[in-house]
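Below, each chain spelled out in residue letters.
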Amino acid sequence: MGGVPAADVRPGAAASAPGGARAGSTGRATGKAGKKASRKGARTPSATRKVARVVVDVPLSHLDRPFDYLVPTDLDEPAVPGCRVRVRFAGQLVDGFLLERVDESEHEGRLSFLERVISAEPVLTREVAALAREVADRYAGTLCDVLRLAIPPRHARVEAEAGQAARPSPDIVAGVGAPAEPGPWQAYPAGASFLAALAEGRSPRAVWNAMPGPDWPAAVALAVRATLAAGRGALVVVAAGRDVARVDAALRAELSAATGTAAGAGVAAAATGRDGTAASPPGEPAAVTTAGPEAPPALHVALTAELGPAERYRRWLAVLRGDVRAVVGTRAAMFAPVRDLGLVVLWDDGDDVHAEPHAPYPHAREVLALRAHRAGAGALIGGFTRTTDATQLIETGWAHALAPDRATLRQVMPRIRPAGEDAELARDEAARSARLPHLAFRTARQALVDGPVLVQVPRRGYVPALACGRCRAPARCEACQGTLSVNSSHAAPYCRWCGRIAGRWQCPECGGGQVRATMVGARRTAEELGRAFPGVSVRTSGRDGVLDRVGGEAALVVATPGAEPVADDGYAAALLLDGWVLLGRADLRAGEEALRRWMNAAALVRPAAPVVLLADSALGPVQALLRWDPVTHAERELGERRELGFPPAARMASLTGTPAALRELLEAALLPEGAQVLGPVPVPAGTPAPAAGGGGTAGARAPGSRRPAEDRERALVRVERAGGHALAHALKAGQGVRSARKAADPVRVQIDPLELI
DNA sequence: TACAGAGTAAAA
DNA sequence: TTTACTCTGTAG
């Protein structure tokens, strides 16, 4: 297990001449008749292992299985397992990957020959092939969809140039020593033993609650170093490009210390600019090729989307070929073909950018967990907060909790002070007009003497949920416990899940009969704050223009959740404005998500610095922030979800499509025993598909806008957690039936969708 | 009834 | 793009 099978055989440069190998290429030049004759005549099957099992790049569900082809003698050498090929399929020439070579085919009919081998580079390793198959099955998708996510597009010139890659010499790799000191892990009772386990080549799996502060990239780097010291590879997935830059820098420092070489050279050096922004190196060669003997090659690479195709492929190849042993990257890196995987790390697993927006919509947490499981690797999943999903990993016994020592934590955690909706407003007139409570105003003014103050402002545009007008308990559907909402077409509240109109709703908590929207329309602007603090520079970071970091000088830094810059020496204070807006989102995860965003912002202040949160201190997430105790909150939340039949305690699938298509799929799919179908309901107009409400990071515009929302509906299917596999299988089969029938309009199937409104 | 040629569906 | 099969019209 966990081996690096196919990739072990490096094809010589000769075998993979740029442009690949073409069967019967002589026929090209000759005339029509001659071409046909020479092709047919020239092609004879290879002497050994003449059958190639190929996964073809055809996105139809019912064709999601390998097809057999004959390997002609002239392609015998380059047709290695894992290579890209081109084959004739139903007449068309299509791309594919060669999975394996075998002696005989099961197929009854006559086999076609491989048309050509694109290149002999074995880009699909056995580990990734098996992982992709498992991910496809888990998410009711096809293998080729997952492979499209897992394997970057080929760049022929990069592939050809890389023969002389800067592979770290064995003694450098062997020279990685285990960390002598646990460093930031000292603050965790189980930290040292976690590191030690990795260094001994074992595979500890932990859900991590990071200590607030700037140390987490260093902690990650130490874990990676321990893994490398045991001769295994490591994979780190973070949410955003700037987190990649920070972990990259920490890795560079840690690994150069580990090998005793000078820092800053090699592949990683090109990964990020000096200011931490990811930047493509000017000119082509920088990264791999220029690293000579005096500039020791790096042991790791950074993989992000903004590198551009060539550089991205160059680095990805370095990983594939084992030239580097560790990877840090954003979501797409979760499939990086790291050799001898010994550790996977996922930072801030609650961030919604970890959910892949392309079919079959896999989530990095799930993929990395599957991967660690398959490869027998360790895992480190977490962030400042604790998700219900990660809590589930602990409760099922898959992972252990790795949390800071409470006494140490108490010394450094921010001092959180809540100010409710009815808090006394500031006496200052400008602050008053910004509706800034007195406490927030005073805290900011005092802190501005020492340094920057972070101001978190929720973005507008959240879908409001309904709550009881009297006791403010969330209003839920009596039939399915879905979220109630209102829109312009219904006068009465309706359920977003099953569509039932709640005519005579009554609060189960207090018996009240009135509902009210929980969102308050108030918004702060940077200008308003600027007026309240004359003479203080105001900087903003948000959707249009994300700041990576700010210096130590006094400034108000206004940011939307997820776009908070890191302050070089920490913020002197933070104000979390309009907390009730985050809490009031019409999302199942609103509480958990609000806490995550608050903690991520509050973790950026100096030890024990003040943080003012504008929200009602009686609410659970607010309490959790006050005590810096996301664990208890997540455990309680998970318990409630279990009772109500919500994910992640239950499994859900969301099906979106035209009413007719949905009906067809639900008929074709033999849903498992006990499956409950909610809806279908019309897709709310203007609901931006997958990554809605994302934090500051510039999410890709959802490709779901092909047809107007009016004629699309959504159904939810709910099963017990154990039935997830059966549900995915049934939906896949149903999709297969429809695709075989050439059904016109597709149904989008999402297992465990993030946005369960 | 036999069979050529057109049309269609699969898909190695 | 190829192949295998069905459909359809026509000659025997």
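Everything numeric in this text was worked out from a predicted model, so none of it was measured.

Engineer: Run through unusual backbone geometry, naming residues and quoting values.
Structural biologist: Geometrically, the link from Ala-359 to Pro-360 is a cis peptide bond, its omega value of 0° lying close to zero. Counting through the fold element by element, Pro-360 comes out in the loop between strand E11 (341-347) and helix H12 (364-375). A cis amide bond links Pro-647 to the next residue, Pro-648, at an omega of 0°. Its place among the elements puts Pro-648 in the loop between helix H21 (630-644) and strand E26 (650-657). Non-glycine residue Ala-140 carries a positive phi angle of around 55°.

Engineer: Outline the UniProt feature "binding site: Zn(2+) 1" (unreviewed entry) in chain A, supporting the account with residue identities and numerical values.
Structural biologist: Using the residue numbers shown here, the UniProt feature "binding site: Zn(2+) 1" (unreviewed entry) corresponds to Cys-468, Cys-471, Cys-507 and Cys-510. The largest pairwise C-alpha distance within this set of annotated residues, which runs over 43 residues, is 8.5 Å, so the set is compact in three dimensions. On the secondary structure map, Cys-468 appears in strand E16 (residues 466-468). Owing to a relative accessible area of 0%, Cys-468 belongs among the buried residues under this scheme.

Engineer: Can you tell me about the confidence of the model for chain A, naming the residues and giving the values?
Structural biologist: Per-residue confidence for chain A gives a mean pLDDT of 82, with 80% of residues at or over 70. Across residues 1-19, where pLDDT falls below 50, the model places 33 contacts with residues more than four positions away in sequence or in other chains. Taken together, the stretch residues 686-709 has pLDDT below 50 and engages in 36 contacts with residues farther than four places along the chain or on a different chain.

Engineer: Let's hear about the protein's contact with DNA strand C: which residues, and what values?
Structural biologist: In the neighbourhood of DNA strand C, the contacting residues comprise Arg-88, Ala-90 and Gly-91. Backbone atoms, meaning sugar and phosphate, make up 40% of the atoms of DNA strand C lying within 4 Å of the protein. Within the contact set of DNA strand C, a base nitrogen lies 3.3 Å away from a backbone nitrogen or oxygen of Ala-90. Contact between DNA strand C and Gly-91: a base oxygen at 3.1 Å from a main-chain N or O atom of the residue.

Engineer: Lay out the environment of Glu-667 in plain terms, naming residues and giving numbers.
Structural biologist: Residue position: Glu-667 is located in helix H22 (residues 659-668). Taking relative accessible area as the criterion, Glu-667 reaches 63% and is therefore assigned exposed. As for Glu-667 and Gly-734, which are separated by 67 residues in sequence, their C-alpha atoms are 7.9 Å apart.

Engineer: A description of the sheet that holds strand E27 (residues 676-682) should follow, citing residues and the corresponding values.
Structural biologist: In a beta sheet, neighbouring strands pair by backbone hydrogen bonds and run either parallel or antiparallel. Pairing within the open sheet is antiparallel, and its four strands lie in the order E27-E28-E26-E29. A single partner strand is all that each edge strand has here, and the edge strands are E27 and strand E29 (748-751). Direction aside, neighbouring strands of the sheet carry axes that sit 15° apart on average. Relative to E29, E26 is paired through four bridges, and the arrangement is antiparallel. Of the residues in E29, the one forming a bridge with Thr-656 is Arg-748.

Engineer: Can you lay out the protein's contact with DNA strand B for me, pointing to particular residues and giving the numbers?
Structural biologist: Residues in contact with DNA strand B, as listed here, are Leu-63, Arg-65, Phe-67, Asp-68, Tyr-69, Phe-89, Ala-90, His-107, Arg-110, Leu-111, Ser-112 and Lys-742. When the atoms of DNA strand B within 4 Å of the protein are grouped by moiety, sugar and phosphate amount to 37% of the total. Ala-90 has a polar backbone atom sitting 2.9 Å from a phosphate oxygen of DNA strand B. At three residues, the largest contribution of residues to the surface near DNA strand B is made by strand E3 (residues 67-70).

Engineer: Describe in detail the pairing of strand E15 (residues 453-456), supporting the description with residues and values.
Structural biologist: Along E15, one buried face is formed by Val-453 and Val-455 and the opposite face, lined by Leu-454 and Gln-456, is buried too. The sheet contact formed by E15 and strand E22 (residues 556-559) spans four bridges and is parallel. Bridging from a neighbouring strand, Leu-454 pairs with Val-557 of E22. As paired elements, E15 and strand E24 (residues 573-576) share four bridges and run parallel to each other. Residue Gln-456 lies in a different strand from E24, and its bridge partner there is Leu-576.

Engineer: Give a description of helix H7 (residues 216-229) that names residues and reports values.
Structural biologist: Two residues of an α-helix separated by three or four positions point the same way, owing to the 3.6 residues in each turn. Under the 1.5 Å per step criterion, the end-to-end length of H7 is 20 Å for 14 residues, consistent within 8% with the ideal 20 Å. Burial analysis of H7 places twelve of its 14 residues in the buried class, which makes it a mostly covered element. Here H7 has its buried residues at Trp-216, Pro-217, Ala-219, Val-220, Ala-221, Leu-222, Ala-223, Val-224, Arg-225, Ala-226, Thr-227 and Leu-228. Immediately downstream of H7, the backbone of Gly-231 shows phi near 80°, a positive value.

Engineer: Tell me about the pattern of salt bridges, and name the residues and values.
Structural biologist: Taken as a whole and assessed by the stated rule, the structure comprises 42 salt bridges. Each of Asp-348, Asp-351, Glu-593, Arg-596 and Arg-597 takes part in one network of salt bridges that share partners.

Engineer: Quick rundown of helix H16 (residues 438-447)? Include the residues and the values.
Structural biologist: Buried residues dominate H16, accounting for seven of its ten residues. Buried within H16 we find His-438, Leu-439, Ala-440, Phe-441, Thr-443, Ala-444 and Ala-447.

Engineer: Lay out the nonpolar core with the relevant residues and their values.
Structural biologist: Judged by nonpolar contacts, the single largest core of 71 residues is most densely connected at Trp-185, Trp-208, Leu-380, Trp-598 and Leu-625. Those residues in contact with Leu-380 that lie beyond four places of it in its chain are Trp-185, Phe-194, Ala-206, Trp-208, Ala-223, Leu-343, Val-344, Val-345, Leu-346 and Leu-402.

Engineer: Run through the sheet that holds strand E13 (residues 400-402), naming residues and quoting values.
Structural biologist: A sheet is described by the order of its strands in space; here seven strands give the open sequence E9-E10-E8-E11-E12-E7-E13, paired in parallel fashion. The sheet is open, and its two edges are formed by strand E9 (300-303) and E13, each paired on a single side. Sheet twist, expressed as the mean angle between neighbouring strand axes with direction ignored, is 15°. Where strand E7 (residues 205-209) and E13 come together, three bridges link them in parallel fashion. Within E13, the position partnered with Val-207 by the bridge is Ala-401. Packed on one face of the sheet, helix H13 (residues 388-395) meets E7, strand E12 (378-383) and E13 and runs near 140° to E7.

Engineer: An account of the pairing of E11 is requested, with residue identities and associated values reported.
Structural biologist: The element E11 is largely enclosed, with a buried count of seven among its seven residues. As defined by bridge partners, strand E8 (residues 233-237) adjoins E11 across five bridges and the pair is classed as parallel. The residue of E11 that forms the bridge with Ala-234 is Leu-343.

Engineer: Which residues make up the packing of helix H6 (residues 191-199) against H7, and what values do they have?
Structural biologist: Packing of H6 against H7 leaves a shortest axis separation of 7 Å and a crossing angle of 30°. As summarised for this structure, H6 and H7 are arranged roughly parallel, according to the angle between their axes. The residues of H7 that touch H6, namely those facing Phe-194, Leu-195, Leu-198 and Ala-199, are Leu-222, Ala-223, Ala-226 and Thr-227. For the contact of H6 with H7, the per-class residue count stands at seven nonpolar, one polar and no charged.

Parameters at a glance
- Residues numbered from 1 in each chain as written.
- Chains lettered and ligands numbered in written order.
- Predicted model: local features only at pLDDT ≥ 70, side-chain atom pairs only at ≥ 80, totals over all residues.
- Heavy atoms only, no water.
- Helix = DSSP H or I, 4+ residues; strand = E, 2+ residues; numbered from the N terminus.
- UniProt positions renumbered as here; feature names shortened; annotations may be inferred.
- Buried < 20%, exposed > 50% of the residue type's maximum accessible area, 1.4 Å probe, protein only.
- pLDDT = per-residue confidence, 0-100.
- Contact = heavy atoms within 4.5 Å.
- Near = heavy atom within 4 Å.
- Polar contact = N/O pair within 3.5 Å; in protein donor to acceptor, adjacent residues only side chain to side chain.
- Pairing = 2+ DSSP bridges.
- Axes fitted to C-alpha atoms, helices over the stretch in contact; angles between N-to-C directions.
- Expected span 1.5 Å × (residues − 1).
- Salt bridge = Lys/Arg side-chain N within 4 Å of Asp/Glu carboxyl O.
- Core = buried A, V, L, I, M, F, W, Y, C linked by side-chain atoms within 4.5 Å.
- Parallel < 35°, antiparallel > 145°, perpendicular 65-115°, else oblique.
- Nonpolar A, V, L, I, M, F, W, Y, C, P; charged D, E, K, R; others polar.

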